[in-house]
Amino acid sequence: MTSAQTASPPSIPLRFRAEKWDKIIYLGRAGHDSLLHCVLTFDGIINEKRFDRAFRLSLDAEPVLGCHFVDKGRQPYWERKKDLDKESRVGIATVNDATQAVFAYMAEPIDPCTGPQIQARLFRSESDTLCLKINHMAADAGGVKEYIELLSGIYRRLEKNSGYIPPVNSAGNRSRMQVIQSFSFRDKVKIVRRSFRDWKEAYFPVGNWSVPLQHVIPDQRTYIIRRIEPRYFLIIKQYCKKYGVTVNDIMLAAYTRSLYKMLQPLPKKTLRIITTVDLRQHILSGKGGAICNLSGKFEMNIPLAGASSLAEIIYTVHKKMMERKNDCLGLGDSHHFIFNIGFLSFSQTRQLSELWAGFMRRISPKPPPPVFTNLGKIEESRLDFGDIIVQDAFLTALVTFPPLFLMSLSGFNDSLTMSIGFCENAIQKKKVEQFLENMQREIASLPSVP
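Residues numbered from 1 in each chain as written. Predicted model: local features only at pLDDT ≥ 70, side-chain atom pairs only at ≥ 80, totals over all residues. Heavy atoms only, no water.

### Quick word on the nonpolar core
As a reminder of what qualifies: Only buried residues count toward a nonpolar core. Its members are Ala, Val, Leu, Ile, Met, Phe, Trp, Tyr and Cys residues joined through side-chain atoms within 4.5 Å. Only protein chains enter the accessibility calculation, which uses a 1.4 Å probe; a residue whose area is less than 20% of its type maximum is buried, one above 50% is exposed, and one in between is partly exposed. A run of H or I in DSSP becomes a helix once it reaches four residues, and a run of E becomes a strand once it reaches two; helices and strands are each numbered from the N terminus.
With 60 residues, the main nonpolar core has Leu40, Phe51, Tyr147 and Phe385 as its most contacted residues. Counting residues per element, this core draws most heavily on helix H5 (residues 141-160), which supplies eight residues. Judged by nonpolar contacts, the second largest core, of 56 residues, contains Tyr239, Cys240, Leu259 and Ile273.

As structure tokens, this is what we get:
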């Protein structure tokens, strides 16, 4: 019997370093609830006792998930919770409408300073639906997908060996430095250059479109979700194959068109969109050293002059994205350079960051651009729970607060899921529904390609 299969309790450090992006997202909570979700629909009833055990063990296998965030002293840190056996139980709710119950659960917050950083609940009707709620400080969408693979693997192993204990990844690298370790000095110089280019595109020209939101205390958190069904997804894939574009290009173009219909902006006003990229593509293994946040973000100005159709905007978006892909995609990090100054305390970093943000607002006064984040495809191979089959799966990003507006996209099998988390007291629910329905219509307007 190997050490990973014995029933000996693992040795886990009590504290872990808070990485740069853990801190940045922590400070950004005024603009969002900092929660990602993964929803899995099974074809039957899961073994709840075994699943509960697998979930508890996963918090030891990736120890940061079993921590609370401590914001005190010179630098914040992650500290293991002492009552995990009590607080890490998987809740089970018997419901008539699993969809509505999941949406209500997704809107409930997690306090990172209380922890743990992940929660799970099973919603049981004729079959089970699992909702995982994960703090974005601890993981991005790529980290969530790695976690699902871990959780399902523990669940399968427990069927064969009820005493199985997974190895503890206590020394796993959660820093973004792992992304650029293999880059040459010349490439690192290019990354610095990319940072200045990203900075310029984020602030100039001055002003941009923005979604009008009521500036109120965030309340009535909710999600609207719409699907791109398999028949339309097939058209997207055929279009991609014929014209050499990507699914992301098409969906970002449809997002642009839907924004235009919602806002009806002046033609000369800049459309600036924030979008994201998984930086794991720069790691040889394609995975992080531990569950962490390895998402890069950048802002992109999209010229719309003469772009009167979806096809024209797809071409424009594709051209802009190819420029980025050929030049250190997602690695520009000039917005948060202050967090790299090691001798500063966290409170000093926070103050300097606020001063910098205020300075840039004076140089280029504008509301924040809308955000499009592609959370990627959930591969079936990562969802192996043994005899019970996952019939559907999707990810959602954060509930954003005024003045932010964000739409997320995720894929599973032959469908795409679009979601927007928002506060109903900031924007009418009908407007958000109309926005996503406009996107569906844009995709439906794509011509079939033989």
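Following the structure, the description resumes.
### Describing the sheet that holds strand S14 (residues 415-423)
Selection rule: When DSSP finds two or more bridges between two strands, those strands count as paired. Simply put, an axis is a line fit to the C-alpha atoms, just over the touching stretch for a helix, and the angle between two N-to-C directions goes from 0 to 180 degrees.
Strand order in the open sheet formed by six strands is S8-S14-S13-S11-S9-S10, with mixed pairing between adjacent strands. Of all the strands in the sheet, just strand S8 (221-228) and strand S10 (295-301) have a single pairing partner and so form its edges. The mean angle between the axes of side-by-side strands here comes to 25°, regardless of whether they run parallel or antiparallel. Note that strand S11 (residues 371-378) and strand S13 (residues 406-412) share six bridges and pair parallel. Paired with Ile378 across the bridge in S13 is Phe412.

### Structural notes on the packing of helix H2 (residues 48-61) against H5
As a reminder of what qualifies: Orientation categories follow fixed angle ranges, with anything under 35 degrees roughly parallel, anything over 145 roughly antiparallel, 65 to 115 roughly perpendicular, and all other angles oblique. Each crossing gets its handedness from the near helix: less than a right angle anticlockwise from the far helix is left-handed, clockwise is right-handed. Any two residues having at least one pair of non-hydrogen atoms within 4.5 Å are treated as being in contact. Three categories are distinguished: nonpolar for Ala, Val, Leu, Ile, Met, Phe, Trp, Tyr, Cys and Pro, charged for Asp, Glu, Lys and Arg, and polar for the others, with Gly belonging to the last.
The interhelical angle for the contact between H2 and H5, taken along N-to-C directions, is 125°, at an axis separation of 9 Å. Regarding the angle of H2 to H5, the classification is oblique. Where H2 crosses over H5, the two elements pack in a sense that is right-handed. From H2, Arg50, Phe51, Arg53, Ala54, Phe55, Leu57, Ser58 and Ala61 reach across to H5, where they touch Tyr147, Leu150, Leu151, Ile154, Tyr155, Arg156, Leu158 and Glu159. Taken together, the residues of the contact of H2 with H5 break down into eleven nonpolar, one polar and four charged.

### What to know about the side chain of Ser127
As a reminder, the rule being used: Polar contact is defined as a pair of N or O atoms within 3.5 Å, subject to the rule that within protein one atom must be able to donate a hydrogen and the other to accept it, and that residues adjacent in sequence are counted only when both atoms are side-chain atoms.
Of note, Ser127 is situated in the loop between strand S6 (118-124) and strand S7 (128-135). One polar contact links the side chain of Ser127 to the main-chain carbonyl oxygen of Phe42, over a distance of 3.5 Å. With residues near it in sequence (within four places) discarded, Ser127 still touches Phe42, Asp43, Gly44 and Ile45.

### A few points about the packing of helix H9 (residues 247-263) against helix H10 (residues 310-325)
A pair of packed helices can be characterised by two numbers: the angle between their axes and the separation between those axes. Their axes nearest at 8 Å, the elements H9 and H10 cross at an angle of 120°. In terms of axis orientation, H9 runs oblique to H10. For the crossing formed where H9 meets H10, the hand is right-handed. Contacts between H9 and H10 involve Asn248, Asp249, Ile250, Leu252, Ala253, Ala254, Thr256 and Arg257 on the former and, on the latter, Leu310, Ile313, Ile314, Val317, His318 and Met321. Of the residues belonging to the contact of H9 with H10, the class tally is nine nonpolar, three polar and two charged.

### Let's talk about the state of the cysteines
The line we're drawing: We call a pair of cysteine sulfur atoms a disulfide whenever their separation is within 2.5 Å.
Throughout the structure, instances matching the rule amount to zero disulfides. Free of any disulfide, Cys38 has its nearest neighbouring cysteine sulfur in Cys131, separated by 8.1 Å. Overall, Cys38 belongs to the buried group, its relative accessible area being 1%.

### Some thoughts on H9
Our working rule: Take the number of residues in a helix, subtract one, and multiply by 1.5 Å to get its expected span.
With 17 residues, H9 extends 24 Å between its outermost C-alpha atoms, agreeing within 8% with the 24 Å of an ideal straight helix rising 1.5 Å per residue. Taking burial as the measure, the 17 residues of H9 include twelve buried ones, the bulk of the element. By the burial criterion, the buried members of H9 are Asn248, Asp249, Ile250, Met251, Leu252, Ala253, Ala254, Tyr255, Thr256, Arg257, Ser258 and Leu259. The first or second residue beyond H9 is Gln264, which carries a positive phi of 50°.

### Details of the sheet that holds S7
Reading across from one edge, S5-S6-S7-S2-S12 is the order of the five strands in this open sheet, with mixed pairing throughout. Strands with a single pairing partner mark the edges of an open sheet, and in this sheet they are strand S5 (91-94) and strand S12 (390-396). Adjacent strand axes in the sheet meet at a mean angle of 15° when their direction is disregarded. Sheet topology note: the S5/S6 ladder contains four bridges and is parallel. Note on S6: the bridge partner recorded for Ile92 is Leu122.

### Digging into the confidence of the model for the protein chain
What counts is decided by this rule: The score called pLDDT rates the predictor's confidence residue by residue, from a low of 0 to a high of 100.
In this model, the protein chain carries a mean pLDDT of 92, and residues with pLDDT of at least 70 account for 96%. Within the model, pLDDT remains below 50 along residues 1-8, and this stretch shows 15 contacts once partners closer than five positions in the same chain are excluded.

### Comments concerning the packing of aromatic side chains
Worth spelling out the cut-off: To pair, rings of Phe, Tyr and Trp, with the six-membered ring standing in for Trp, must have centres within 6.5 Å; the planes then decide the type, stacked if under 30 degrees apart, edge-to-face if over 60, and tilted in the middle. Whether a charge sits over a ring depends on NZ of Lys or CZ of Arg being within 6 Å of the ring centre and within 35 degrees of the ring normal.
One pass over the structure, following the stated rule, counts 16 aromatic pairs. Note on Trp199 and Phe204: the rings are 5.8 Å apart at their centroids and 65° apart in plane angle, and the pair reads as edge-to-face. Residue classification places Trp199 among the partly exposed residues on the basis of a relative accessible area of 26%. Consider the rings of Phe405 and Phe435, whose centres lie 5.4 Å apart with planes at 80°: the pair is edge-to-face. Note that Phe405 is positioned in the loop between S12 and S13 and Phe435 in helix H12 (residues 429-444), a separation of 30 residues in sequence. Each member of the pair Phe405 and Phe435 is classed as buried. Taken together, the ring pairs connect Tyr26, Phe69, Trp78 and Phe346 into an aromatic cluster. When the ring centre of Tyr155 is taken as origin, the NZ or CZ atom of Arg50, which lies over that ring, is 4.0 Å away.

### Looking at H10
Think of an α-helix as 3.6 residues a turn; residues three or four steps apart then line up on the same face. Compared with an ideal rise of 1.5 Å per residue, which puts 16 residues at 22 Å, H10 spans 22 Å between its outermost C-alpha atoms and is within 8% of the ideal. Next to the buried residues of H10 lie helix H7 (185-203), helix H8 (230-243), H9, S10 and H12.

### Notes on the environment of Leu130
With respect to the helices and strands, Leu130 occurs in strand S7. Measuring from C-alpha to C-alpha, the distance between Leu130 and Phe42 comes to 8.0 Å, with 88 residues separating the pair along the chain. Sequence-distant contacts of Leu130, defined by excluding residues within four places in its chain, comprise Cys38, Val39, Leu40, Phe42, Phe51, Ala120, Arg121 and Leu122.

### Some points on the pairing of S13
Across the seven residues of S13, seven count as buried, placing the element largely inside the fold. Residues Leu406, Ser408, Ser410 and Phe412 of S13 are buried on one face, and the alternating residues Met407, Leu409 and Gly411, pointing to the opposite face, are buried as well. One ladder, built from five bridges, connects S13 with S14; its direction is antiparallel. Paired with Leu409 across the strands is Met418, a residue of S14.

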